Amino acid sequence: MVQRMKEIYEYRDMIYSLVRRELRGRYQKSVLGMLWTFINPFFQILIYTLVFTLIFPSSIENYYIYLMTGIIPWTFFSEALGQGAGSIVGNADMTKKIYFPREVLTISSVTAKFVNMLLGFIVIFIFLIFSPVGISAHILFLPVIFIAEYMIALGFTLMFASITVYLRDMEYIVNVLLMAWIWGTPIMYDISLVPAPLQKILLLNPMTSVIVSYHDLLYYHALPGVLTVIMLYVVGLVLLLLGETVFVRLEGNFAEEL
Amino acid sequence: MNPENAIEVRDVRKYFKVYLDKGHMLRERVIHFSRNKYEKREVLKGISFDVKKGESVGLIGKNGCGKSTTLKMLTKILRPNAGTIETKGRVCSLIELGAGFHPDMSGRENIYINASIFGIKAKEVDRRLNDIIRFSELEDFIDNPVRTYSSGMYMRLAFSVAINVDADILLIDEILAVGDNAFQTKCFNKLKSLKDQGTTIVIVSHALGQVEKLCDKAVWIEKGLIRKIGPARKVCSEYLDVMEKERIARAEVEYRMLMEEANTVAAGAADEEEQEKIQARVRSGSYRTLSFQCGPDARREGSGEVRFTSINVYNSRGDKTLDFNINDSLIIEMEYESDLDGALGNFSVNFTRSDWVYCYGTTSKLQTGEFIPLGKKGRVRFEIDALKLLADKYYIDLRIHGTGKDVYDCIFSMFEIRIINPEDEPKESGIVMMDCSWKVEE
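In this text, all values refer to a predicted model and were calculated from it rather than measured experimentally.

*Asks:* I keep staring at the overall build of chain A and nothing clicks. Help me out?
*Replies:* Across its full length, chain A carries twelve helices and zero strands. Against the 2.2 N^0.38 benchmark of 18 Å for 258 residues, chain A shows a C-alpha radius of gyration of 19 Å, consistent with a compact globule. For chain A, buried positions account for 55% of its 258 residues. Contacts in chain A between residues far apart in sequence, at least 24 positions, make up 80% of those at least 6 positions apart. Total accessible area on chain A stands at roughly 11800 Å², and carbon and sulfur atoms take up 71% of it. With 15 positive and 17 negative side-chain charges, chain A shows a spacing of 7 Å between the two charge centroids.

Written as structure tokens, this is what we have:
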């Protein structure tokens, strides 16, 4: 495993250029170019704001802030899994013809989405500053949650991406799963509104703690519980190891299966 | 691992699962659970060979013999089912060119992406960027998006990146067909200079000429086993011999099948429409019936009043063959039949080199001074005591003329013969051999 990590690290330049390719290449032909990375979340938030202040006013105060601090990290998670699952199959040509640690493809895919989320946070900050909620020093604690979420997302994606090579349905199953998953995570609602027995079930979902932590930091201006953070890292590490183990087990026949 | 070796392959076996009824979809997997059967197709049945440091080795063999699989296992893309492969140093494979190119990004940016996939650090690319661009000859276009490149430009850029990687071991799969002739020569020279600098090279190619020129050693793989390892020149020419014999055997089978079809037509077994079709094929391929040695590009013309019925080429030992050494004798035996009673005929033989240089020609009338009186059936032998043409491929055209310019039967490129120089280093160049000597006078 250590050997493998080293090898992946050796290929960090490849990860860097694949991430760059995905981020830059995506909007290369458009007039606004990289600006779209900001425009997308901006309008996403704007629309939610309009809908939830004018059409469905919510009981949660400054609901749009509450919503955006959850929806942007969720978008990262859901895109990472949804698209990352196809990261090996989608690069079949490369996988079949060139040697490199296959994880690189999945890591690059997840990282590109991650970078998109970080850019989305800039938009969140701007909204926060101009909203009654305001911004506090708690944002300095954000990277701790970023890393935990990244680990969780990568762990899942490694698993799904390697399974997809053998079972193409996995890609679609993941997307259906994500559709349900978003409602099993307190993004649109507050967890305290959920009946107690259901709450316990929701807490089994690692994304619940992630989103709750973002809410704590940005919306409530509070630090997340120490236990929550420790739990997040334990879960993140376990998922990452599990994902990598599954990946390594399945990786041997990638070139033949594709 | 022996410190002298760059690659050690030991008793490697590889099979692929060929699913008889493959379903990637869950539904198919579940429904056909019991039918998810597969056949094991053995591609490599235990091969072993070493490649010394700085040596260049060519893998040759027919399609599907396992050459490319071997190469893919050397790059670690595929894993052997049994046996071990060890390599020492950085391996770079020129199997897939232009991997990861993004069409909307500039040539320069794509160099970085492509190089990083080969495991090269951006810093290293910085250092070599100018070399890469210069080699690709794309200086003026390097900042344009790759989608605006022609396919030749695209390949040139890709090849330049791959070949400018500092690799200890370079693996190449049939890719010297990049760009125009000038660029190909440049690539070939670059490979040679890399070889001189001590890079170990393994190349898979059907272009045996390239293998002979570039490689010290050739490994001939046949049906998943090593048939022969040895000096490239020797193994390549032996391989060609066997391939030629196989081709002739195959042509013989096809010829027999054609004759059988023709017989069926004669027997009236098929219906009318079918008969016509078969007859058309028999006519167009009628030169085939003359000999199973006939070349792939043969063409038949002429009035057909007098026609060849069989033509064969022999060497001095009386074997039917198309391969000759310089100075060998060559015998062409022609049988004909004639509809004209008591006509006079003139037979001609012409040699044309593979690049369409006309090399030699003569007729029976010119050499004997007489026309040949044609019976209803007959046989004419043409003998060359010593072939003086230098090593290359030649086409032989055969004709039967009348006394004037009229052509009864004519087959262009009837045979494609190969003349081989048995010596390792040819002493002459050009078209023909001449008796000559050098004397130094004080």
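Once the structure has been displayed, the description carries forward.
*Asks:* Any chance you could explain the interface of chain B and chain A here in plain terms?
*Replies:* Where the parts come together, the accessible area they lose is often given as the size of the interface. On the chain A side, the residues contacting the 36 residues of chain B number 34 residues. Carbon and sulfur atoms make up 56% of the area that chain B and chain A hide from each other, which totals about 2900 Å². Our count for the chain B to chain A interface comes out at three salt bridges. Residue Arg20 of chain A pairs with Glu109 of chain B through a salt bridge whose shortest N-O separation is 3.2 Å. Here chain B is connected to chain A by five residue pairs in polar contact (both at pLDDT 80 or more). Residue classes in the side of chain B that touches chain A are distributed as 17 nonpolar, seven polar and twelve charged.

*Asks:* Explain the nonpolar core here, please?
*Replies:* Side chains of a nonpolar character, in soluble globular proteins, are inclined to be buried together. Counting residues in each nonpolar core, the largest one holds 112 residues, and the members touching the most others are Phe77, Leu81, Phe100, Phe121 and Phe156 of chain A. Here this core takes 15 residues from helix α7 (residues 142-166) of chain A, the largest share from any one element. The contact partners of Phe121 of chain A, leaving out residues within four places of it in the chain, are Ile72, Pro73, Leu142, Phe146, Tyr214 and Leu218 of chain A. In terms of nonpolar packing, the next biggest core, distinct from the first, is built from 46 residues, Val161, Leu194, Ala218 and Tyr239 of chain B among them.

*Asks:* For this particular structure, what's the right way to read the domain arrangement of chain B?
*Replies:* Taken domain by domain, chain B consists of domain 1 (1-89 + 169-232), domain 2 (95-167) and domain 3 (285-420). In this structure, domain 1 of chain B and domain 3 of chain B have C-alpha centres spaced 42 Å apart.

*Asks:* I keep staring at the packing of aromatic side chains and nothing clicks. Help me out?
*Replies:* The description of two aromatic rings rests on the distance between their centres and on the angle between their planes. For the structure shown, the criterion picks out 28 aromatic pairs over all chains. Plain terms: the ring middles of Phe135 of chain B and Phe183 of chain B are 5.7 Å apart, the flat faces sit at 65 degrees to each other, and that makes the pair edge-to-face. Placement of Phe135 of chain B in helix α4 (residues 122-136) and of Phe183 of chain B in helix α6 (residues 181-196) is noted, with a sequence separation of 48 residues between them. Phe183 of chain B shares its class with Phe135 of chain B; the two are buried. Feature note: the residues Phe76, Phe114, Phe121, Phe125, Phe146, Tyr150 and Tyr214 of chain A constitute an aromatic cluster, connected by ring pairs. Taking NZ or CZ as reference, Arg156 of chain B lies 5.7 Å from the ring centre of Phe183 of chain B, over its face. We note Lys186 of chain B situated over the ring of Phe135 of chain B; from NZ or CZ to the ring centre the distance is 4.9 Å.

*Asks:* Is there a simple way to explain the state of the cysteines in this structure?
*Replies:* What is meant by a disulfide is a covalent connection between two cysteines, made through their sulfur atoms. All names here are of chain B. Applying the stated rule across the entire model yields zero disulfides over all chains. Here Cys65 stays free of any disulfide, with the sulfur of Cys236 as its closest cysteine sulfur at 13 Å. Looking at Cys359, it has no disulfide partner, and the nearest cysteine sulfur is the one in Cys410, 17 Å off.

*Asks:* What exactly am I supposed to notice about the side chain of Asn116 of chain A here?
*Replies:* Assignment of secondary structure puts Asn116 of chain A in helix α6 (residues 103-130). On the basis of relative accessibility, which here comes to 15%, the residue Asn116 of chain A falls in the buried class.

*Asks:* How should the environment of Leu330 of chain B be read in this particular structure?
*Replies:* All names here are of chain B. As for its position among the elements, Leu330 is in strand β13 (residues 330-338). The buried category is assigned to Leu330, whose relative accessible area is 0%. Placed 273 residues apart in sequence, Leu330 and Val57 show a C-alpha to C-alpha distance of 35 Å. In this view, Leu330 contacts Val313, Tyr314, Phe324, Phe382, Glu383, Ile384, Leu387 and Ile417; residues no more than four positions away in its chain are not counted.

*Asks:* Is there a simple way to think about the sheet that holds strand β11 (residues 306-315) of chain B in this case?
*Replies:* Picture the strands of a sheet paired through backbone hydrogen bonds; they go either parallel or antiparallel. Residue and element names in this part refer to chain B. The three strands lie next to each other as β11-β13-β17, forming an open sheet whose pairing is antiparallel. The strands lining the two open edges of the sheet, one partner per strand, are β11 and β17 (377-384). On average, adjacent strands in this sheet sit at an angle of 20 degrees to one another, irrespective of strand direction. With eight bridges joining them, β13 and β17 adopt antiparallel strand pairing. Note that in β17 the partner of Ile331 across the bridge is Glu383.

*Asks:* What exactly am I supposed to notice about the confidence of the model for chain A here?
*Replies:* Detailed reading of the predicted coordinates is not advisable wherever pLDDT is low. When pLDDT is averaged across chain A, the result is 88; 99% of the residues are at 70 or more. Here helix α12 (residues 254-257) of chain A is the element of chain A with the lowest mean pLDDT, 79, and α7 of chain A is the one with the highest, 94.

*Asks:* So what exactly am I meant to see when it comes to the packing of helix α4 (residues 63-84) of chain A against α6 of chain A here?
*Replies:* Packed helices, taken two at a time, are described by their axes: the angle between them and the distance between them. All names here are of chain A. For the pair α4 and α6, interaxial distance at closest approach is 9 Å and the crossing angle is 170 degrees. On the basis of their axis angle, the class for α4 and α6 is roughly antiparallel. For the pair α4 and α6, contact is made by Tyr64, Ile65, Met68, Thr69, Ile72, Pro73, Phe76, Glu79, Ala80, Gln83 and Gly84 and by Ser109, Val110, Lys113, Phe114, Met117, Gly120, Phe121, Ile124, Phe127 and Leu128, respectively. Broken down by class, the residue content of the contact of α4 with α6 amounts to 14 nonpolar, five polar and two charged.

Calculation criteria
- Residues numbered from 1 in each chain as written.
- Chains lettered and ligands numbered in written order.
- Predicted model: local features only at pLDDT ≥ 70, side-chain atom pairs only at ≥ 80, totals over all residues.
- Heavy atoms only, no water.
- Helix = DSSP H or I, 4+ residues; strand = E, 2+ residues; numbered from the N terminus.
- Rg over C-alpha atoms; globule rule 2.2 N^0.38 Å.
- Buried < 20%, exposed > 50% of the residue type's maximum accessible area, 1.4 Å probe, protein only.
- Contact = heavy atoms within 4.5 Å.
- Areas by Shrake-Rupley, 256 points an atom, 1.4 Å probe, with all protein chains shown as cover.
- Lys, Arg positive; Asp, Glu negative; His and termini not counted.
- Charge placed at Lys NZ, Arg CZ, Asp CG, Glu CD.
- Buried area = accessible area lost by both parts, 1.4 Å probe.
- Salt bridge = Lys/Arg side-chain N within 4 Å of Asp/Glu carboxyl O.
- Polar contact = N/O pair within 3.5 Å; in protein donor to acceptor, adjacent residues only side chain to side chain.
- Nonpolar A, V, L, I, M, F, W, Y, C, P; charged D, E, K, R; others polar.
- Core = buried A, V, L, I, M, F, W, Y, C linked by side-chain atoms within 4.5 Å.
- Domains from an automatic or database assignment.
- Phe/Tyr/Trp six-rings, centres within 6.5 Å; stacked < 30°, edge-to-face > 60°.
- Lys NZ or Arg CZ within 6 Å of the ring centre and 35° of its normal.
- Disulfide = S-S within 2.5 Å.
- Pairing = 2+ DSSP bridges.
- Axes fitted to C-alpha atoms, helices over the stretch in contact; angles between N-to-C directions.
- pLDDT = per-residue confidence, 0-100.
- Parallel < 35°, antiparallel > 145°, perpendicular 65-115°, else oblique.

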